2 protein chains.
Amino acid sequence: MSEIPYKIYLSEDEMPTSWYNLRADMKNKPAPLLNPGTGQPMTAQELEGVFCAELVRQELDNDTPLFHIPQEIRDFYKMYRPSPLVRAYCLEKKLDTPAKIYYKFEGNNTSGSHKLNSAIAQAYYAKKQGLKGVTTETGAGQWGTALSMACSYLGLDCKVFMVKCSYEQKPFRREVMRVYGSSVTPSPSETTQVGKKILAEFPGTTGSLGCAISEAVEAAVSNEGYRYVLGSVLNQVLLHQSVIGLESKIAMDKYGVKPDIIIGCAGGGSNLGGLIAPFMGQKLRGEADYRIIAVEPESCPSFTRGKYAYDFCDTGMVCPLAKMYTLGSSFIPSADHAGGLRFHGMSSILSQLYADGYMEARSVPQTGVFEAAELFARAEGTLPAPESSHAIRAAIDEALKCKETGEEKTILFGLTGTGYFDLVAYEKFHNGEMTNNVPTDEDIAKSLARLPEVNG
Amino acid sequence: MSEIPYKIYLSEDEMPTSWYNLRADMKNKPAPLLNPGTGQPMTAQELEGVFCAELVRQELDNDTPLFHIPQEIRDFYKMYRPSPLVRAYCLEKKLDTPAKIYYKFEGNNTSGSHKLNSAIAQAYYAKKQGLKGVTTETGAGQWGTALSMACSYLGLDCKVFMVKCSYEQKPFRREVMRVYGSSVTPSPSETTQVGKKILAEFPGTTGSLGCAISEAVEAAVSNEGYRYVLGSVLNQVLLHQSVIGLESKIAMDKYGVKPDIIIGCAGGGSNLGGLIAPFMGQKLRGEADYRIIAVEPESCPSFTRGKYAYDFCDTGMVCPLAKMYTLGSSFIPSADHAGGLRFHGMSSILSQLYADGYMEARSVPQTGVFEAAELFARAEGTLPAPESSHAIRAAIDEALKCKETGEEKTILFGLTGTGYFDLVAYEKFHNGEMTNNVPTDEDIAKSLARLPEVNG
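Residues numbered from 1 in each chain as written. Chains lettered and ligands numbered in written order. Predicted model: local features only at pLDDT ≥ 70, side-chain atom pairs only at ≥ 80, totals over all residues. Heavy atoms only, no water.

## Section: the relation of the copies chain B and chain A
Overlaying chain B with chain A gives an RMSD of 0.0 Å, the required rotation being 180° about an axis along which the chain moves by 0.0 Å. This pairing of chains is accounted for by a two-fold axis. Identified as the residue of chain B closest to the rotation axis by C-alpha distance is B:Asn108, at 3.1 Å. In this assembly, 100% of the residues forming the interface of chain B have copies in chain A that are likewise at the interface, indicating an isologous arrangement. (Least-squares fit on C-alpha atoms with pLDDT ≥ 70 in both. Contact = heavy atoms within 4.5 Å.)

## Some points on the pairing of strand S7 (residues 157–163) of chain A
All names here are of chain A. Of all 7 residues in S7, 5 are buried; the element is thus mostly enclosed. Sheet topology note: the strand S6 (residues 133–138)/S7 ladder contains 6 bridges and is parallel. Bridging across to S7, Thr 135 finds its partner in Lys 159. The handedness of the S6 to S7 crossover, carried by helix H6 (residues 142–154), is right-handed. The pairing of S7 with strand S8 (residues 183–187) spans 5 bridges and is classified as parallel. In the strand pairing of S8, Val 160 is matched with Val 184. (Buried < 20%, exposed > 50% of the residue type's maximum accessible area, 1.4 Å probe, protein only. Helix = DSSP H or I, 4+ residues; strand = E, 2+ residues; numbered from the N terminus. Pairing = 2+ DSSP bridges. Right-handed = clockwise from strand over helix to strand, strands pointing away.)

## Section: the sheet that holds strand S1 (residues 7–8) of chain A
Residues and elements named next belong to chain A. Here we have 7 strands laid out as an open sheet, ordered S1-S4-S5-S15-S10-S11-S14, and mixed in their pairing. Of all the strands in the sheet, the pair left with one neighbour each is S1 and strand S14 (360–364). Looking at chain direction, strand S10 (residues 261–265) and strand S15 (residues 410–415) are connected through 3 bridges and run parallel. If you follow Ile 262 over to S15, its bridge partner there is Leu 412. Sheet strands in contact with helix H11 (residues 235–254) are S1, strand S4 (85–87), strand S5 (100–105) and S15, and its direction is about 140° off that of S5. Of the strands in this sheet, S5, S10, strand S11 (291–297) and S15 are in contact with helix H12 (residues 270–284), which crosses S10 at around 155°. (Axes fitted to C-alpha atoms, helices over the stretch in contact; angles between N-to-C directions.)

## Some thoughts on the interface of chain B and chain A
At the interface, 42 residues of chain B touch 42 residues of chain A. For the chain B and chain A pair, buried surface summed over both sides reaches about 4,000 Å², with 59% attributable to carbon and sulfur atoms. Taken as a group, B:Tyr6, B:Val179 and B:Tyr420 account for 16% of the area that chain B buries against chain A, more than any other trio of residues on that side. Scanning the region where chain B abuts chain A turns up 2 salt bridges. One salt bridge connects B:Glu427 with A:Arg174, and the closest N-O pair in it is separated by 3.0 Å. Seen at the junction of chain B and chain A, the total is 22 residue pairs in polar contact (both at pLDDT 80 or more). (Buried area = accessible area lost by both parts, 1.4 Å probe. Salt bridge = Lys/Arg side-chain N within 4 Å of Asp/Glu carboxyl O. Polar contact = N/O pair within 3.5 Å; in protein donor to acceptor, adjacent residues only side chain to side chain.)

## What about the packing of aromatic side chains?
Residue and element names in this part refer to chain A. Inspection of the entire model under this criterion finds 37 aromatic pairs over all chains. Aromatic side chains Phe 76 and Tyr 153 sit 4.8 Å apart centroid to centroid with 70° between the ring planes, which places their arrangement in the edge-to-face category. Of this pair, Phe 76 sits in helix H3 (residues 71–80) while Tyr 153 sits in helix H6, and the two are 77 residues apart along the sequence. Overall, the relative accessible area of 3% leaves Phe 76 in the buried class. (Phe/Tyr/Trp six-rings, centres within 6.5 Å; stacked < 30°, edge-to-face > 60°.)

## Regarding empty space enclosed by the protein
Here the idea is plain: a probe the size of a water molecule rolls over the atoms and shows the empty space left. The final tally for this structure, using the stated rule, is 12 cavities of 30 Å³ or more. Lining the largest cavity are 22 residues, with A:Lys7, A:Thr382, B:Met79, B:Tyr80 and B:Asn108 sitting closest to its centre. Elements represented by at least two residues in the lining of the largest cavity include exactly S5 of chain A together with helix H3 (71–80) of chain B. Per-class residue counts for the lining of the largest cavity are 13 nonpolar, 7 polar and 2 charged. Approximately 190 Å³ is the volume found for the second largest cavity. If you trace the second largest cavity, you find 22 residues lining it, with A:Met79, A:Tyr80, A:Asn108, B:Lys7 and B:Thr382 closest to the centre. Looking at the lining of the second largest cavity, the elements with two or more residues in it are H3 of chain A together with strand S5 (100–105) of chain B. (1 Å grid on protein atoms, 1.4 Å probe; cavity = no way out; pocket = protein on both sides within 12 Å on 5 of 7 lines; lining within 4 Å. Points joined across faces, edges and corners; volume = space filled by probe spheres on them. Nonpolar A, V, L, I, M, F, W, Y, C, P; charged D, E, K, R; others polar.)

## Observations concerning the state of the cysteines
Here, the word disulfide means a covalent bond between the sulfur atoms of two cysteines. Applying the stated rule across the entire model yields 0 disulfides over all chains. The cysteine A:Cys300 is free of any disulfide, with A:Cys265 supplying the nearest cysteine sulfur at 13 Å. (Disulfide = S-S within 2.5 Å.)

## With respect to the sheet that holds S6(A)
Residue and element names in this part refer to chain A. The strand order across the open sheet built from 4 strands is S8-S7-S6-S9, with neighbouring strands paired in parallel fashion. Only two strands of the sheet have a single partner each, and these edge strands are S8 and strand S9 (226–228). Ignoring strand direction, the axes of neighbouring strands in this sheet form an average angle of 25°. Helix H8 (residues 171–179) contacts S6, S7 and S8 of the sheet and is inclined by roughly 175° relative to S7.

## Some words on the domain arrangement of chain A
Accessible area lost during the coming together of the parts is what is often quoted as the interface size. Residues and elements named next belong to chain A. Here the domain parsing of chain A yields domain 1 (7–14 + 70–112 + 238–455) and domain 2 (19–65 + 115–228). Here domain 1 and domain 2 have C-alpha centroids that lie 22 Å from each other. Of the residues lining the interface, 49 residues belong to domain 1; the matching set on domain 2 comes to 46 residues. In total, about 4,100 Å² of surface goes out of reach between domain 1 and domain 2, with carbon and sulfur atoms giving 67% of it. Per-residue buried area on domain 1 facing domain 2 is highest for Phe 76, His 240 and Phe 421; these three make up 17% of the total on that side. The interface formed by domain 1 and domain 2 contains 1 salt bridge. Between Arg 285 and Asp 25 there is a salt bridge, with the nearest N and O atoms lying 2.9 Å from each other. (Domains from an automatic or database assignment.)

What follows is the structure in structure tokens.
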């Protein structure tokens, strides 16, 4: 068909040896995290009570462009990376489009997603600091699984607080974490003060991500030798995830291919920020131009209908304030299957870039996402995760536009993971039981009315 | 650590262009299939009522060493192949063994196993023959999923009869098949004569693989434009699966590595036969020597405790007779989690090679298999399928022997798939509820007493 293979795998010596810090090339730096008590920027010292020292350094560094990836992390990466950059020949054929479609596939590891890229980094620095273990929260379970795998590899203890309804309804993810030796606690639990308080106030609650975050943070600060780690939103996470974009760019450069449009799904921003990093860097430096599109669910439209303001990252309001596009920390998206895209806010880095006009955003309805997912699965073989399928929806839409106009655009999108643990959602879709849940303007206004006072 | 990378991916132009037919190098050819009515070898004409013409040709050809892989199949292979040959550095380190361990990983596709290699071939020849569709049976669902993916790609109808208890207890696999457009019928069903008969005789039965095979065969012969396809045991399947071994050998040759021991799990023999094909070919031709070990569950020990005789392939006794190591077609293995390794018989090719002393066989207990699976997952990241974990168990045992003797042996084993749909079994293992179910001598003698008369 062409000289470009179906799948481009870099060799080990072509793999990136540094992560790229997008902030170094931003004129308007992302706004700093604020102490919710004082309204002042969080200091390194304050953050080190919760996070590892090296990760705090990475979190606060807006200037250093490259961070060397330690050899131990690169060895771990070799177990599941490089991930393939796939030329979607079969999808192109099925769509009968002149567009050239590529996707970077991050799902070929047992965590089933890109989350492992940051999990191993965060676990590594915890181990290096001499800690006993780490704590975290997980909703659907991808991040918890990734962290469990990384901790198991390094011999680090891992305590996961899993939203109770997921713990009960998704026993398989829970079981994977146990295979890797993690302790998994349904949240809210009796093991923390905040958990007890919530249980007393709302007996029978099935929990929320916000509550699980609060418990995980408490478990970290109240256990000697533990720190808290988080799988998205943070600057450090986007730094680690830059490996996705760096590998993509090396692979494309190798074959002389330049994308016109880069598309990623956006929840907290970990995948999108990682995928676009080196391309956005060129754009910021004026070296190249790309259309960059963030795709979010209509049910949780932080970019497209949220406000750019300081907000709490968790419903428990124990975490620092972050400036971001937000729907308000009390916003609860309607039940849907967007999984990792249900966070009320968005990475500060991506928020600033969006505010400055460097990228576009669009929201897509749930049924359209699953239509795209099924079309993709049948053409390309791989059953995609619902999160990733938001990007697939937009990529297909752009490819169909090319069909109308006859333009041979090159599209790159991120396929963050596989849908093997999301088959209840696929079943609903097949049975015609899937709906599109879109918040009303009033819903959003109501939660935005509760933004913290620091916004003035 | 070494010049050998963690994962060896062949480039597209290094991938095999022909399948290798092991039978061509066998002095003692595998015994032919017999017509159960006449006791005479099945003719091509008889077989073509059930199977596609080209597949019948492949089934009966004991002499042609190489079969060209059509371009369309090679294009499909490129969507998920080459599969990586992985150097298990982390497992070696964890075991502290001087052995060098490699595994060929076939699980990086949505069917989750090597089954796709033959599914696309069988679907392709059905399409080429101008058929409307194919029928098959599936137990746990890997084969049904693989065939669904292949048929979806080619636009071929696919009717899957799924053992009723699996259909109800494993709704996720069923749902994956539906994503790819297959119709999935719980077996026994009212849609076939044999299904109706069984339902009348045993109301409330939850089905068996033997019954599902009988229904699938009936559906093929009674629907215009349909043929029946099977995922293991048959000669044609081993031919297609030779791509596993061919890729492994090309990758090892490229780095100057020669395995001392080759290990594969054995159910019907599709993976083992494929993995060892080119190595066994060298052994048969006297060009090289390898220890080749088939690993089976203690609960279903066809090689180690079965008899080499003609037997029915299905409990419904509608299929031809095959000469194989068998526990008797009425043998029902105790409940366990060996999934695809629960077939009462074994590929005729492998049976002949075992009878002639070209390979070893051993059986392993279920708890030992899951111990090995967990150790492997924690060291190498990937959560293995229970089937594959039989091979892992033996590979670890051999590596630990090397640790005792100080020998630096090179071990190659087949990691046939992932365990993402087997977490109920992992949970049982963790909860200490897993047992080793070993048939008594009486159990086996009882079913062997019912071998067909043709054995004399």
